[in-house]
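Coordinate analysis (summary)
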Amino acid sequence: MKPVGAITRGTTNPNRLRRVDNYIAYRCGALLTGTAAPLVVDLGYGATPVTAVELRGRLAAAVRPDVTVVGLEIDPVRVAAALPYADPPRLEFRRGGFELAGLSPVVVRAFNVLRQYEEDGVVAAWRQMTGTGALLVEGTCDELGRIATWAVVEAGVPSTLTLSARLPVLEHPSVFAERLPKALIHHNVPGHPVHELLSALGRAWDTEATPFGPRQRWLATVRRLRAEGRAVLDGPARWRLGELTVPWPVQP
């Protein structure tokens, strides 16, 4: 099966995807525990396999020990470099792209991949990655994983958007703008829902300045958004982690 996609830059760092890994354990835990074959695909793990190794370890500890992670890369050089880190049958590395190497996973993580593509190719990639019923978590983050955003996509359709930050270093929510998923980043202009969301988030942050630290400020900010009538999902347990999850911003 010929891999579908293009070789991307592949930069990565240890712990860069810790925030999204913990979210996957939370959001997808029931899916993985409720199946006989808990397979997760890490698509485009990059120049080194460290984040795939970490994903497997985190899901094994938090969800179930027999979870299987398969890291896929189009670049055969990267696959060869990752093979010494494999631990079959629970951690493997193969060549593959959006076609998922013919696998039928429960969950797919694709991070810092589509941001390097043109926007008009995003929906087709979403559809292909979810074509066998997988739940896709697709997004982007900064180099150290301190600022991240991601979409949850099912059957090619995004359902939620999550903004996530390491709160002690969050200067202002406006920093999320440069890390939005590819499907949204060019729509952060007046009149579009994602721009309205980030503007409301920034206003709430500015209003809720507090001497009690960034976590309390973030909690107050999210509560203010909800009080203003915005659909804010999950609850304080996730908010304290620096997360905000909302329904996917859709142009009316």
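This section reports on the structure supplied with the text.

How each quantity is defined
Residues numbered from 1 in each chain as written. Predicted model: local features only at pLDDT ≥ 70, side-chain atom pairs only at ≥ 80, totals over all residues. Heavy atoms only, no water. Pairing = 2+ DSSP bridges. Helix = DSSP H or I, 4+ residues; strand = E, 2+ residues; numbered from the N terminus. Axes fitted to C-alpha atoms, helices over the stretch in contact; angles between N-to-C directions. Phe/Tyr/Trp six-rings, centres within 6.5 Å; stacked < 30°, edge-to-face > 60°. Buried < 20%, exposed > 50% of the residue type's maximum accessible area, 1.4 Å probe, protein only. Arc of directions from axis to C-beta. Contact = heavy atoms within 4.5 Å. Right-handed = clockwise from strand over helix to strand, strands pointing away. Parallel < 35°, antiparallel > 145°, perpendicular 65-115°, else oblique. Left-handed = near helix turned anticlockwise from the far one by under 90°. Nonpolar A, V, L, I, M, F, W, Y, C, P; charged D, E, K, R; others polar. Core = buried A, V, L, I, M, F, W, Y, C linked by side-chain atoms within 4.5 Å.

Once that is clear, we can look at the sheet that holds strand E3 (residues 91-95). Spatially, E3-E2-E1-E4-E5-E6-E7-E8 is the arrangement adopted by the eight strands of the open sheet, whose pairing is mixed. Lying at the two open borders of the sheet, with one neighbouring strand each, are E3 and strand E8 (243-247). Adjacent strand axes in the sheet meet at a mean angle of 20 degrees when their direction is disregarded. As paired elements, strand E1 (residues 39-43) and strand E4 (residues 107-111) share four bridges and run parallel to each other. For Leu43, the partnering residue across the bridge sits in E4 and is Ala110.

The final tally for this structure, using the stated rule, is eight aromatic pairs. Centre to centre, the rings of Phe98 and Tyr117 are 5.4 Å apart; their planes meet at 55 degrees, and the pair counts as tilted. Of this pair, Phe98 sits in the loop between E3 and E4 while Tyr117 is found in the loop between E4 and helix H4 (122-129), placing the two residues 19 residues apart along the sequence. Taken as a pair, Phe98 and Tyr117 share a single burial class, namely buried. An aromatic cluster of at least three residues, connected via ring pairs, comprises Tyr23, Tyr26, Phe111 and Trp150.

By secondary structure assignment, the location of Ala61 is in helix H2 (residues 50-62). Between the C-alpha atom of Ala61 and that of Ala25, which follows or precedes it by 36 residues, the distance is 9.4 Å.

A few words now on H4. The set of residues buried in H4 consists of Val122, Ala125, Trp126 and Met129. Considered in projection along H4, the buried side chains sweep an arc of 100 degrees and stay on one side of the axis. Considering only its buried residues, H4 is in contact with E1, E4, strand E5 (135-141), strand E6 (147-154), strand E7 (157-165) and helix H5 (182-185).

To continue, consider the pairing of E1. A regular strand places its side chains so that they alternate between the two faces of the sheet. The element E1 is largely enclosed, with a buried count of five among its five residues. Judged by which residues are buried, E1 turns out to be covered on both faces: Leu39, Val41 and Leu43 on one side and Val40 and Asp42 on the other are all buried. Both E1 and strand E2 (residues 68-73) contribute to a ladder of five bridges, which runs parallel. Opposite Val40, over in E2, you have Val69 as the bridge partner. At this point the chain moves from E1, through H2, to the parallel E2, and the crossover so formed is right-handed.

On to the packing of helix H1 (residues 18-33) against H2, then. Two elements in contact, H1 and H2, have axes separated by 10 Å at closest approach and are oriented at 45 degrees. Considered as vectors, H1 and H2 are oriented oblique to each other. Considering how the two elements wind past one another, H1 and H2 form a crossing that is right-handed. Touching Arg18, Asp21, Asn22, Ile24, Ala25 and Leu32 of H1 are Thr51, Glu54, Leu55, Arg58, Leu59 and Ala62, all from H2. Tallied by class, the residues present in the contact of H1 with H2 amount to six nonpolar, two polar and four charged.

Our focus in this paragraph is the nonpolar core. Counting residues in hydrophobic clusters, the biggest one holds 48 residues, and the most contacted among them are Trp126, Met129, Trp218 and Leu244. The element best represented in this core is helix H6 (residues 193-207), accounting for seven residues. Non-local contacts of Trp218, meaning those with residues more than four positions away in its chain, are made with Leu167, Leu170, Phe176, Leu201, Trp205, Trp239, Gly242, Glu243 and Leu244. Core analysis: the second largest hydrophobic core is formed by 28 residues, Ile24, Ala25, Val63 and Val67 among them.

Here we take up unusual backbone geometry. The omega torsion across Pro88 and Pro89 is 10 degrees, close enough to zero to call that bond cis. Not every positive phi belongs to a glycine, and Asn112 is a case in point at roughly 60 degrees. Here Asn112 shows up in the loop between E4 and H4. Classification of Asn112 as buried rests on a relative accessible area of 11%.

Everything listed here is a matter of geometry and, on its own, says nothing about what the molecule does.
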